[in-house]
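Analysis of the macromolecular model
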Amino acid sequence: DQQIFFGRDADIDRLFERVLGTQLLVLFGKSGLGKTSLLMAGLFPKLRKEKPLLPVPIRVNGPGSPAEIIIAAVTESCRRAGAELTSGNTAGVWEFLRSSLIWSGDLLLTPVLVFDQFEEIFTLRDTEFRTSLASELGALASGIPPERLRAAEGTRTEPGARLGEQPPQVKILLSLREEYLGTLQELTVAIPGLFQE
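Predicted model, so just to flag it, every value in this text is computed and none were measured.

Before going further, it helps to examine the sheet that holds strand β1 (residues 24–29). Spatial ordering of the open sheet is given by β1-β7-β6-β2, a layout of 4 strands whose pairing is parallel. At either margin of the open sheet sits one strand with a lone partner, and together these are β1 and β2 (53–58). Across the sheet, the mean angle from the axis of one strand to that of its neighbour is 20 degrees, orientation sign disregarded. In this sheet, strand β6 (residues 110–115) lies alongside β2 in parallel orientation, the contact comprising 6 bridges. Within β6, the residue paired with Leu53 across the bridge is Thr110. Sheet contacts for helix α2 (residues 35–50): β1, β2, β6 and β7 (171–177); angle to β2, the most-contacted strand, approximately 155 degrees.

Take a look at the structure:
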């Protein structure tokens, strides 16, 4: 549909630069303004074409835990892009992204997790789901391993490869209707830099 959605080059370029310049970005606007088409028909092709980035569209309106939804979305995006995924540990999002590699030819791709219609975590999901997703996203955005990994690392006696030594290479974009922007405040404890960009 890229041929249909034209005339927003300046918006696409600004959004592209923002994605490149930050780890976590929040995109918001009025309902019907065209956020999804800006992402799908504008930003995604530019990310694929100009940088070694793999846009991963994610919706939280289906079944599964946050980890299951994100892992399935990454796997599907790799399949659609013809990228090779060497899948790793699926115990959580951090573990999966830390231990997986995404290749396109000889290029190593960085996933861009794009949560479209992110307001669905408030309209369709319960508090437990929101807390779990916020914890996963907060860890990725900050580069600090999730609490479950820090606790497990503290109980180890033998040295070994630690998942927390280097954070996963990933970018996150949350897109939502502007009337839910204030509701995001609920997630700022788990995602401290949420309102930075």
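Now that the structure is up, let's keep going.
A few words now on the sheet that holds strand β3 (residues 84–86). Taken together, the 3 strands give an open sheet; going across it, the order is β3-β4-β5, and neighbouring strands pair in antiparallel fashion. A single partner strand is all that each edge strand has here, and the edge strands are β3 and β5 (107–108).

What counts, and at which threshold
Residues numbered from 1 in each chain as written. Predicted model: local features only at pLDDT ≥ 70, side-chain atom pairs only at ≥ 80, totals over all residues. Heavy atoms only, no water. Pairing = 2+ DSSP bridges. Helix = DSSP H or I, 4+ residues; strand = E, 2+ residues; numbered from the N terminus. Axes fitted to C-alpha atoms, helices over the stretch in contact; angles between N-to-C directions. Contact = heavy atoms within 4.5 Å.

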